Amino acid sequence: MITESRLINNSISDSEDMSYKARLIDHIITELVKIHATALNAAKHAHAMATDKQNIPENKYDTLGLESGYLAQGQAQRAAECSAELDAFKHIIVKDFVAQDSITIGALVGIVDQHETPLWVFLAPSSGGTKFEFEGRKIMVISAASPLGKQLLGKELGDEYHIGQGSHSKHYFITDII
């Protein structure tokens, strides 16, 4: 069982939390810019392939052009989603969370699971699944719509919660909020 004595203290002083959080968000934005650029390149390549003369159907069973068109549409949609995610991050309010605050979007949360494995998650409006190391912490971005994100919203330092059922159930304990 995880106990409150497991709570950890930040090595970051109160006056540095804001700049740490601002640097963290800037780092995430930089990662999202790279992802967006990759999505744009994929969309351009798929569009070029879909409009290439070699993809004109030779008969009614030749669907390469149609498939290329669907791929181009999907890649363009993904690029638009990346752009929206990037815009959402650019509008996150940098907040210096304290121990008494409830978790909301923009919180960097330290949690441990039932095996005492620590994890740092940044609760974001979107872009869940992005993982990186930042200033000595391995951080995973989770969206507020994810199962873990939904569970974290409104929780406080020291709260415990479960995700999943049966043998797939995980128990978490909140150790830190930045």
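Above this note sits the structure.
Basis of the calculations
- Residues numbered from 1 in each chain as written.
- Predicted model: local features only at pLDDT ≥ 70, side-chain atom pairs only at ≥ 80, totals over all residues.
- Heavy atoms only, no water.
- Helix = DSSP H or I, 4+ residues; strand = E, 2+ residues; numbered from the N terminus.
- Buried < 20%, exposed > 50% of the residue type's maximum accessible area, 1.4 Å probe, protein only.
- Contact = heavy atoms within 4.5 Å.
- Areas by Shrake-Rupley, 256 points an atom, 1.4 Å probe, with all protein chains shown as cover.
- Pairing = 2+ DSSP bridges.
- Axes fitted to C-alpha atoms, helices over the stretch in contact; angles between N-to-C directions.
- Polar contact = N/O pair within 3.5 Å; in protein donor to acceptor, adjacent residues only side chain to side chain.
- Phe/Tyr/Trp six-rings, centres within 6.5 Å; stacked < 30°, edge-to-face > 60°.
- Lys NZ or Arg CZ within 6 Å of the ring centre and 35° of its normal.

**Q** What is the right way to look at the overall build of the protein chain in this model?
**A** Broken down by element type, the protein chain carries three helices and six strands. Traced from its N-terminal end to its C-terminal end, the protein chain shows the element sequence α-α-β-β-β-β-α-β-β. Sorting the 178 residues of the protein chain into buried and exposed places 37% on the buried side. A separation threshold of at least 6 residues defines the contact pool for the protein chain, and within that pool the share at least 24 residues apart is 59%. Approximately 10,400 Å² of the protein chain is accessible, and the part contributed by carbon and sulfur atoms is 54%.

**Q** What is the right way to read the sheet that holds strand β6 (residues 170-177) from this model?
**A** Strand pairing within a sheet occurs via backbone hydrogen bonds; the two strands may be parallel or antiparallel. The mixed open sheet is built from six strands, whose spatial order is β3-β4-β2-β1-β6-β5. Only two strands of the sheet have a single neighbouring strand rather than two, namely β3 (131-134) and β5 (160-163). Ignoring strand direction, the axes of neighbouring strands in this sheet form an average angle of 40°. Alignment of strand β2 (residues 118-124) against strand β4 (residues 137-143), held across five bridges, turns out to be parallel. When the bridges of β4 are listed, Leu123 appears paired with Ile142.

**Q** Any chance you could explain the pairing of β4 here in plain terms?
**A** In summary, the side chains of a regular strand alternate between the two faces of the sheet. Within β4, six of the seven residues are buried, leaving the element largely enclosed by the surrounding structure. As defined by bridge partners, β3 adjoins β4 across four bridges and the pair is classed as antiparallel. What sits directly across from Lys131, in β4, is Met140.

**Q** Please clarify how the side chain of Asp101 should be interpreted in this entry.
**A** Of note, Asp101 is situated in the loop between α2 (64-90) and β1 (108-113). Residue classification places Asp101 among the buried residues on the basis of a relative accessible area of 17%. Within the local environment of Asp101, its side chain forms a polar contact with the backbone nitrogen of Val98, the two atoms lying 2.9 Å apart.

**Q** Is there a simple way to think about the environment of Asp52 in this case?
**A** Relative to the elements of secondary structure, Asp52 occurs in the loop between α1 (14-50) and α2. Judged by its relative accessible area of 34%, Asp52 is partly exposed. Residues Asp52 and Ser68, spaced 16 residues apart in sequence, show a C-alpha to C-alpha distance of 9.6 Å.

**Q** Can you walk me through the packing of aromatic side chains in this structure?
**A** A ring pair, where both rings are aromatic, is described by two values, the distance of the centres and the angle of the planes. Tallied over the full model, the rule gives three aromatic pairs. For the pair Tyr161 and Tyr172, a centre-to-centre distance of 5.5 Å together with 25° between the ring planes defines the contact as stacked. Remark: Tyr172 occurs in strand β6 and Tyr161 occurs in strand β5; sequence separation between them is eleven residues. Neither Tyr161 nor Tyr172 differs from the other in exposure class; each is buried. Geometry around Phe97 places Lys95 over its ring, the cationic atom sitting 4.6 Å from the centre. The ring centre of Trp120 lies 4.2 Å from the NZ or CZ of Arg137, which sits over that ring.

In short, geometric facts, not functional conclusions.
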